[in-house]
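Results of the structural survey
Next come the chains, spelled out residue by residue.
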Amino acid sequence: MNTAPDPASRPVLIVEDEPKLAALLTDYLKAAGLPSVHVDDGLAVEPAVRQHDPAVVLLDLMLPGLDGMAVCQALRGFTQVPIIMMTARVEEVDRLLGLELGADDYICKPYSPREVVARVKAQLRRSGWGVAPPQPAVQGLQIDDTALRASVGGHTLDLTPAEFRLLSALAAQPGRVFSRDQLLDQLHDDGRAITDRAVDSHIRNLRRKLEAAPGGIDPIRSVYGVGYAWEWPEA
């Protein structure tokens, strides 16, 4: 049986003619586990979309060759790929979101790269990314993403939404070392400004609650200078 590919396995197409901005977006998307492809000319967008079948297009408004509005209209002639417009011309916002253009979202410059990643993730979720992911077969640990509940040995953990997100992300990939920046993307995906110290605080609380559960332990390993990894002991 053929199934549609996970949107997150397809690249984000970055259409940006400023090399430093494009490199910054590429780095942030990579840190969030999202592959990307970059083009810097409006005339190159349609061929890139046809070649790479991107999950999301980040489309700058001011481009050489063909401007972002014309590109958006051209893409809507053959694809419904989510398009996020990036513009410094706030007076164009109404037109960007107009039905005649078909853009799905917009971001005003200057922007936070973390906010851009959050907007990309929001579009991916609407495309089915991250829906009911398989959870690891960890002895005694149950994670219910739909109800945002987790339990150890049948004991429900009283977790905040942020703690639940961290637990789910870490437990889904045992042994993987997550940097604080990567875990920040799990904490809040709405672009709000927070520091990596927030990760340490939430991890401390999560550890305390795991240890307080009946037969509880601390499966979270600190990796000095990097971040954290999940190492649940074998049964």
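Everything quoted here is computed from the prediction, not taken from an experiment.

**Details of the confidence of the model for the chain**
This prediction gives the chain a mean pLDDT of 81; 81% of its residues lie at or above 70. The weakest mean pLDDT in the chain belongs to helix α4 (residues 93–96) at 54; the strongest belongs to strand β1 (residues 12–15) at 97. Overall, residues 130–137 carries pLDDT values under 50, and its contacts beyond four positions in sequence, including any with other chains, amount to 6 contacts.

**So, the pairing of strand β11 (residues 227–230)**
When strand β9 (residues 177–179) meets β11, the two strands line up antiparallel, connected through 3 bridges. Bridging from a neighbouring strand, Ser 179 pairs with Gly 227 of β11. Examined bridge by bridge, strand β10 (residues 220–223) and β11 share 4 bridges and lie antiparallel to one another. Its bridge partner being in β11, Val 223 is matched across the sheet by Gly 227. Taking the residues that link successive antiparallel strands as the turn, the β10-β11 hairpin has 3 residues, and the phi of Gly 225 there is positive, at about 75°.

**Points about the sheet that holds β11**
Strand order in the open sheet made by the 3 strands is β9-β11-β10, with antiparallel pairing throughout. Two strands bound the open sheet, and with one partner strand each, they are β9 and β10. With strand direction ignored, the average angle separating the axes of adjacent strands in the sheet is 30°. Against the sheet, helix α6 (residues 161–172) contacts β9, β10 and β11, and its axis sits at roughly 65° relative to β11. The strands touched by helix α8 (residues 197–212) are β10 and β11; relative to β10, the strand with the most contacts, the crossing angle is about 150°.

Analysis parameters
Within each chain, residue numbers correspond to sequence positions counted from 1 in written order. Owing to the predicted nature of the model, reporting of local features is limited to residues with pLDDT of at least 70; listing and counting of side-chain atom pairs is limited to 80 or more, with chain, interface and lining totals taken over all residues. Excluded from the side-chain calculations are hydrogens and water; all other atoms, namely the structure's heavy atoms, are used. The pLDDT value tells you how sure the predictor is about a given residue, anywhere from 0 up to 100. Secondary structure is summarised from DSSP: a helix means a run of H or I of at least four residues, a strand means a run of E of at least two, and numbering begins at the N terminus for each. Contact definition: two residues touch when any of their heavy atoms are within 4.5 Å. Should DSSP find at least two bridges between two strands, the strands are regarded as paired. Axes, fitted as lines to C-alpha atoms, cover a helix only where it is in contact. Angles between the N-to-C directions of the axes lie from 0 to 180 degrees.

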